[in-house]
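Inside the fold
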2 protein chains.
Amino acid sequence: MRTQLDCIPCFVRQTLEAARHAAPGDEALHHRVLSRTCAAIPTFSDDASPPMMGEIIHGIIREETGVDDPYAEIKRKNVRRALALVPRLERFAVESRDRLEAAIRLAIAGNAIDLGANPDFDLEEELCRLEEQTPVLSDLPALREALGQSNRVLYIGDNTAEAIFDRFLIRELHPRRVFFAVRTRPIINDITEVEAREIGMHQLATIVDSGSPLPGTDLSRATPEFKRLFDETPVVIAKGQGNFETLSDCGRSIFFLLKVKCPVVAQMTGMPEGNPVLVRGGSRDRVTVE
Amino acid sequence: MRTQLDCIPCFVRQTLEAARHAAPGDEALHHRVLSRTCAAIPTFSDDASPPMMGEIIHGIIREETGVDDPYAEIKRKNVRRALALVPRLERFAVESRDRLEAAIRLAIAGNAIDLGANPDFDLEEELCRLEEQTPVLSDLPALREALGQSNRVLYIGDNTAEAIFDRFLIRELHPRRVFFAVRTRPIINDITEVEAREIGMHQLATIVDSGSPLPGTDLSRATPEFKRLFDETPVVIAKGQGNFETLSDCGRSIFFLLKVKCPVVAQMTGMPEGNPVLVRGGSRDRVTVE
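Residues numbered from 1 in each chain as written. Chains lettered and ligands numbered in written order. Predicted model: local features only at pLDDT ≥ 70, side-chain atom pairs only at ≥ 80, totals over all residues. Heavy atoms only, no water.

1. What about the overall build of chain A?
Each helix and strand in chain A was counted, giving 13 helices and 6 strands. For 290 residues, the compact-globule formula gives about 19 Å, and the C-alpha radius of gyration of chain A, at 18 Å, lands near that figure. Dimensions of chain A, computed from the C-alpha atoms along their principal axes, are close to 55 × 40 × 35 Å. Evaluated residue by residue, chain A yields a buried proportion of 61% over its 290 residues. The long-range share in chain A, meaning contacts at least 24 apart out of those at least 6 apart in sequence, stands at 71%. Seen as two clouds, the 36 positive and the 44 negative side-chain charges of chain A have centres 4 Å apart. (Helix = DSSP H or I, 4+ residues; strand = E, 2+ residues; numbered from the N terminus. Rg over C-alpha atoms; globule rule 2.2 N^0.38 Å. Buried < 20%, exposed > 50% of the residue type's maximum accessible area, 1.4 Å probe, protein only. Contact = heavy atoms within 4.5 Å. Lys, Arg positive; Asp, Glu negative; His and termini not counted. Charge placed at Lys NZ, Arg CZ, Asp CG, Glu CD.)

2. Thoughts on the packing of aromatic side chains
Applying the stated criterion to the full structure yields 8 aromatic pairs over all chains. Their ring planes at 80° and their centres at 5.0 Å tell us that Phe244 of chain A and Phe256 of chain A sit as a pair that is edge-to-face. Of this pair, Phe244 of chain A sits in helix H12 (residues 240-247) while Phe256 of chain A sits in strand E5 (residues 254-259), and the two are 12 residues apart along the sequence. Comparing Phe244 of chain A with Phe256 of chain A shows no difference in burial state: the two are buried. Ring centres of Tyr155 of chain B and Phe180 of chain B lie 5.8 Å apart, and the angle between their planes is 25°; this geometry places the pair in the stacked category. With Tyr155 of chain B in strand E1 (residues 152-156) and Phe180 of chain B in strand E2 (residues 177-182), this residue pair connects regions lying 25 residues apart in the sequence. (Phe/Tyr/Trp six-rings, centres within 6.5 Å; stacked < 30°, edge-to-face > 60°.)

3. Overview of the interface of chain A and chain B
At the interface, 18 residues of chain A touch 18 residues of chain B. Summing both partners gives a buried area of about 1,600 Å² for chain A against chain B, and 74% of it is carried by carbon and sulfur. The largest contributions to the chain A side of the interface with chain B come from Leu5, Pro9 and Cys38 of chain A, which together make up 35% of the buried area. On the surface where chain A and chain B come into contact, there are 2 salt bridges. Where chain A meets chain B, there are 2 residue pairs in polar contact (both at pLDDT 80 or more). Every element with two or more residues in the side of chain A that touches chain B is listed here: helix H1 (7-22) and helix H2 (27-40) of chain A. (Buried area = accessible area lost by both parts, 1.4 Å probe. Salt bridge = Lys/Arg side-chain N within 4 Å of Asp/Glu carboxyl O. Polar contact = N/O pair within 3.5 Å; in protein donor to acceptor, adjacent residues only side chain to side chain.)

4. Some words on helix H2 (residues 27-40) of chain B
A turn of α-helix holds 3.6 residues, and therefore any two residues three or four places apart point the same way. Here H2 of chain B is 14 residues long and its end C-alpha atoms lie 20 Å apart, about the 20 Å a rise of 1.5 Å per residue gives. Where H2 of chain B is concerned, the buried positions are Leu29, His30, Val33, Leu34, Ser35, Thr37, Cys38 and Ala40 of chain B. (Expected span 1.5 Å × (residues − 1).)

5. Quick notes on the confidence of the model for chain A
Across chain A, the average pLDDT comes to 90, with 93% of residues at or above 70. As scored by the predictor, the complex reaches a pTM of 0.83 and an ipTM of 0.81. (pLDDT = per-residue confidence, 0-100.)

6. Focus on the nonpolar core
Counting residues in hydrophobic clusters, the biggest one holds 100 residues, and the most contacted among them are Leu154 and Ile156 of chain A together with Leu154 and Ile156 of chain B. Sequence-distant contacts of Leu154 of chain B, that is, excluding residues within four places in its chain, are made with Phe179, Ala181, Phe226, Leu229, Phe230, Thr233, Val235, Val236 and Ile237 of chain B. (Core = buried A, V, L, I, M, F, W, Y, C linked by side-chain atoms within 4.5 Å.)

7. Some remarks on the relation of the copies chain A and chain B
The relation between the two copies of this chain is a rotation about an axis and a shift parallel to it. If you rotate chain A by 180° and push it 0.0 Å along the axis, it lands on chain B with an RMSD of 0.0 Å. This pairing of chains is accounted for by a two-fold axis. (Least-squares fit on C-alpha atoms with pLDDT ≥ 70 in both.)

8. What to know about the packing of helix H6 (residues 99-110) of chain A against helix H8 (residues 140-148) of chain A
Residues and elements named next belong to chain A. At a closest axis distance of 12 Å, the pairing of H6 and H8 adopts a crossing angle of 115°. Comparing their axes, H8 and H6 come out roughly perpendicular. In this structure, H6 crosses over H8, and the sense of that crossing is right-handed. Contacts from Leu100, Glu101 and Ile104 of H6 reach H8 at Leu140, Leu143, Arg144 and Leu147. Split into classes, the residues belonging to the contact of H6 with H8 amount to 5 nonpolar, no polar and 2 charged. (Axes fitted to C-alpha atoms, helices over the stretch in contact; angles between N-to-C directions. Parallel < 35°, antiparallel > 145°, perpendicular 65-115°, else oblique. Left-handed = near helix turned anticlockwise from the far one by under 90°. Nonpolar A, V, L, I, M, F, W, Y, C, P; charged D, E, K, R; others polar.)

9. With respect to the sheet that holds strand E6 (residues 276-281) of chain A
Pairing between the strands of a sheet comes from backbone hydrogen bonds, and it takes one of two forms, parallel or antiparallel. Residues and elements named next belong to chain A. Ordered by their spatial adjacency, 6 strands build an open sheet running E3-E2-E1-E4-E5-E6, and the pairing between neighbours is mixed. With one partner strand each, in any of the chains shown, strand E3 (206-209) and E6 form the two edges of the open sheet. Put simply, the sheet's adjacent strands are angled 25° from each other on average, direction ignored. Of the strand pairs in this sheet, strand E4 (residues 235-239) and E5 are connected by 3 bridges, and their pairing is parallel. By the bridge assignment, Ala238 is partnered in E5 with Phe256. The strands that helix H11 (residues 224-232) touches are strand E1 (152-156), strand E2 (177-182), E3, E4 and E5; relative to E1, the one it contacts most, it runs at about 120°. Across the sheet, H12 lies against E1, E4, E5 and E6, angled at about 140° from E5, the strand it touches most. (Pairing = 2+ DSSP bridges.)

10. Some remarks on the sheet that holds E2 of chain B
Residues and elements named next belong to chain B. As summarised here, the arrangement of the 6 strands in space is E3-E2-E1-E4-E5-E6, forming an open sheet in which the pairing is mixed. Of all the strands in the sheet, the pair left with one neighbour each is strand E3 (206-209) and strand E6 (276-281). Across this sheet, the average inter-strand angle for adjacent strands is 25°, counted without regard to direction. The sheet contact formed by strand E5 (residues 254-259) and E6 spans 6 bridges and is antiparallel. Across the sheet, residue Leu258 finds its bridge partner in E6, namely Val277. Its contacts with the sheet put helix H12 (residues 240-247) on E1, strand E4 (235-239), E5 and E6, and the angle it makes with E5 is roughly 140°.

11. Digging into the packing of helix H5 (residues 86-95) of chain B against helix H6 (residues 99-110) of chain B
All names here are of chain B. The interhelical angle for the contact between H5 and H6, taken along N-to-C directions, is 150°, at an axis separation of 7 Å. Of the possible angle classes, the one that applies to H5 and H6 is roughly antiparallel. On the side of H5, the interface is formed by Leu89, Phe92, Ala93 and Val94, while H6 contributes Arg99, Ala102, Arg105 and Leu106. Tallied by class, the residues present in the contact of H5 with H6 amount to 6 nonpolar, no polar and 2 charged.

12. Here we look at the pattern of salt bridges
Counted by the stated rule, this structure contains 46 salt bridges over all chains. Among the ionic pairs, Arg20 of chain B bridges to Asp6 of chain A, the shortest N-O distance being 3.0 Å. A residue pair is termed interchain when its members come from two chains, as with Arg20 of chain B in helix H1 (residues 7-22) and Asp6 of chain A in the segment before H1. Of the charged contacts in the structure, one is a salt bridge between Glu193 of chain A and Arg197 of chain A, with a shortest N-O distance of 3.3 Å. On the criterion of helical spacing, the pair formed by Glu193 of chain A and Arg197 of chain A is a turn pair, its members being 4 residues apart in helix H10 (residues 193-198). You can call Glu193 of chain A partly exposed: its relative accessible area is 33%. Overall, Arg197 of chain A belongs to the partly exposed group, its relative accessible area being 40%.

This is the structure:
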């Protein structure tokens with residue numbers, strides 16, 4: 001998905017919020033980050049996806065703060081918050097008649113944890129809404145069918161604490177072999193190999209470095225292992241808007257699980273903003289966006 | 001009032017909206033305007049007020065569109081909409097027990113007409129809210145007292161169609177002599193001398209060119225006539241956020257009538273966002289913002 005003009009004001013807003021998260025109270029730094037980002041915007045390629053912009057912006061924040069992972073503490077805090085919810089999540093998962101659907105809904109609920117497009121997320125509120133909200137799962141039968149024919153799944157992770165929620169879905173995918181893809185380096189609050197191991201993901205799945213240093217999946221920089229898995233694994237599940245924005249026109253069929261967090265993606269998917277969505281896309285004949 | 005960091009994302013958003021208003025459908029132009037504005041942001045002076053940024057942004061839009069007054073048609077349309085409401089406004093004005101207060105409330109309601117900070121305004125809704133909303137008029141006694149001691153008032157206008165609403169207040173100020181100040185050239189949908197005459201303002205007040213080419217009042221570029229009036233007229237009333245942002249720390253007492261349209265001004269005035277407000281400021285001992 002190419003960056004749209006409406007993404008630009010949103011980048012600038014996210015930049016200021018991110019700078020404040022990364023270096024609370026340092027107004028001079030916030031100012032420098034904002035100025036450098038604005039100066040960089042005219043140099044952005046027309047073909048770049050929003051996560052590519054995210055990489056540039058967060059590179060500036062990293063340089064200005066001198067901190068390689070400015071969100072390390074926030075990620076840890078969110079993991080603690082998510083872990084505290086596990087008993088409730090577990091109840092929701094096991095008490096449902098349709099365990100796959102319940103696990104999908106949990107996985108999407110975890111996608112609310114986002115310091116980019118949705119910094120004011122409220123995990124507890126998200127859980128309350130889980131019981132009420134009707135997610136758009138029209139592609140669930142297609143996912144069931146694909147899973148029925150496959151013993152391997154590539155699952156592309158997104159944010160760090162979100163992966164606590166993903167564990168329920170990955171458990172449901174067993175006994176298939178699951179590969180859990182992570183970013184190659186810290187970017188915003190996205191999950192890397194270190195954090196995936198910290199939350200025990202390696203006990204449920206084979207962790208794979210996607211090679212992406214941006215908040216999405218950049219196939220042009222994929223590791224050979226990820227590229228092979230991406231090309232050969234029959235079922236690919238990708239979490240979150242960043243993966244959607246970078247993979248929605250990649251040429252292969254992918255099941256995207258996400259909350260639609262902005263009007264641009266809402267318009268492109270035809271899904272209402274704020275909605276939890278399971279949408280099949282990526283191949284030319286389905287949701288494919290310019 | 002100095003531009004705050006939170007103003008920057010808002011400028012970028014306003015730039016895109018303004019470019020779309022000025023040249024509907026011309027995406028390449030919107031893109032150029034957005035790029036040039038982002039490139040200009042790092043060059044903005046730290047001391048500049050938000051309307052000074054507005055001048056730069058709208059200068060870019062003017063250059064890119066090649067149109068001196070891109071909002072001419074929108075201004076005319078809004079004037080027609082406001083004129084259609086005059087019978088309702090008149091009833092509200094004459095049926096009130098306190099005619100000065102009613103006229104002030106009408107004048108502030110007109111301030112909803114704003115293509116900058118509040119492009120989605122709904123005049124009709126604004127009128128419905130007029131009957132319900134309790135404006136913050138704590139400085140009304142001070143205005144009454146000041147008016148009791150003066151036979152001249154300098155009234156600094158704001159948006160074009162808003163002046164239809166201002167006429168009720170200016171009528172209430174009679175028999176004092178009223179000077180109605182306008183921008184020196186078209187900027188967004190602000191009122192200039194041409195439009196003030198078109199709506200018959202010259203029959204109620206002496207129209208004065210403020211010298212300001214920006215959506216506010218820039219005293220450093222005031223015409224000699226405006227400067228003299230500003231220094232010597234006992235009561236100055238200024239409409240809207242742009243005049244507030246440029247005059248709130250000017251050193252003389254001013255009665256500002258405005259709707260608080262953004263969180264930055266809300267925080268600075270201590271008034272809740274969205275509220276109609278009569279606030280005395282400008283002198284060092286009252287609302288004075290850095």
